[in-house]
Amino acid sequence: MTAGAAGAGPRGRVTITEIARQAGVSVPTVSRVVNGRSDVSPRTRARVEELLQRYGYRRRPAAPGTRAALLDLVFNDLDSPWAVEIIRGVEEIAHAEGVGTVVSAIHGRSGAAREWMRNLRARASDGVILVTSALDTVLHEELRALGVPLVVVDPAGSPALDAPTIGAANWSGGLAATEHLLSLGHRRIGLIAGPPRLLCSRARFDGYRAALEGAGLTLDESLVVPGDFHPESGFAGCEKLLDLPEPPTAVFAASDQMALGAIEALRRRGLRVPQDMSVVGFDDLPEVRWSAPPLTTIRQPLADMGKLAVRTVLKLTRNEPPDTPRVELGTDLVVRASTAPPRQ
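On a predicted model such as this, the values are computed, not experimentally measured, just so you know.

Rules used throughout
- Residues numbered from 1 in each chain as written.
- Predicted model: local features only at pLDDT ≥ 70, side-chain atom pairs only at ≥ 80, totals over all residues.
- Heavy atoms only, no water.
- Pairing = 2+ DSSP bridges.
- Helix = DSSP H or I, 4+ residues; strand = E, 2+ residues; numbered from the N terminus.
- Axes fitted to C-alpha atoms, helices over the stretch in contact; angles between N-to-C directions.
- Contact = heavy atoms within 4.5 Å.
- Expected span 1.5 Å × (residues − 1).
- Buried < 20%, exposed > 50% of the residue type's maximum accessible area, 1.4 Å probe, protein only.
- Polar contact = N/O pair within 3.5 Å; in protein donor to acceptor, adjacent residues only side chain to side chain.

(A) Just the sheet that holds strand β2 (residues 100-105), in detail. Spatial strand order, β2-β1-β3-β4-β5-β11: six strands in an open sheet with parallel pairing. Two strands lie at the open edges of the sheet, namely β2 and β11 (326-329), each paired on one side alone. Ignoring which end each strand starts from, the neighbouring axes of this sheet average 20° apart. Bridge analysis of strand β4 (residues 150-153) against strand β5 (residues 165-168) gives two bridges, and the strand direction is parallel. Bridge assignment links Val152 to a residue of β5, and that residue is Thr165. Strands β1 (70-75), β2, β3 (127-131) and β4 of the sheet are contacted by helix α4 (residues 81-96), whose axis makes an angle of about 170° with β1.

(B) Region of the structure containing helix α11 (residues 302-317). The terminal C-alpha atoms of α11, which comprises 16 residues, lie 23 Å apart, in line with the 22 Å expected from a rise of 1.5 Å per residue. The element α11 is extensively covered by neighbouring structure, given that 13 of its 16 residues are classed as buried. Just beyond α11, the residue with positive phi is Asn319, at close to 60°.

(C) Local environment of helix α7 (residues 170-183). Over its 14 residues, α7 runs 20 Å from end to end, which matches the ideal 20 Å to within 8%, given 1.5 Å per residue. For α7, the full list of buried residues reads Asn170, Gly173, Gly174, Leu175, Ala177, Thr178, His180, Leu181 and Leu182. Just past α7, the residue Gly185 takes up positive phi, approximately 110°.

(D) How the structure looks around the side chain of Asp284. Among the structural elements, Asp284 can be located in the loop between β9 (278-283) and β10 (296-299). There is a polar contact of 2.8 Å between the side chain of Asp284 and the side chain of Arg299.

Here it is, written out as structure tokens:
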């Protein structure tokens, strides 16, 4: 904890005891607010957080060899099983290490991101796992100024922050998905792509294109339709492909949720998977092994990415460098019942 005299000004150092005195609460109450505990009334929390922010109070960084007490896990959104798998991996390691986690979603809005930043300063987290890099420049600078160890999981683009990143082998996954369909005899293969602003989307598209080129095929732009990783865009994308004068015989959807949307579009057209069209996804979310039919997909090690993120950020809290600044975990093709040779 920082040392300081009673009555220190906003630019001076102040103790947690002084914060408690000015807030008219006990030292344990201030400690609960600092550590993000929920057992504090909203009115008291607001008063304590205002003082913590006024004085720029932060706990002393963990000494080498000690464990962090609290980590922030931040997503753009929490409305998909993809996020749940990351959380599962993070929680497994954090629990084993005796570390608390605070999960937040900023929804891609600067206002929500700024609110999260205010809360981060107030609770003085020991580290941040950012499952996005979509923070504006000002917030990047604020994070850097706070000196909180940071790890970025599956970065949206080239991270502006000088931080370790953890992702998956998206290019080889896109390649494997498309090569699997080619090996079955498909030659008109549609792609329901992810958002082009995301590195993972571009890598999966590049893997798809590389597989086609490796088979001596020219990329047909009409077979590539946009998506956003959600089921609705998979449904809409598959409808566009089905409306082509010559629809594809197979579809590679760049996420499992889009693949499920595509399968529903086919069902509503009275078409069967894989008899009328083969479908491949990407992620291997738990529910796709129970879809009808069970989905062939690319397994992305989402939980393992979360586990590695915790281990990496804990190393940073001990002032230890990461093993490598950029990690890409392997992806694997999982063949189930949604793919078959095209109808003759």
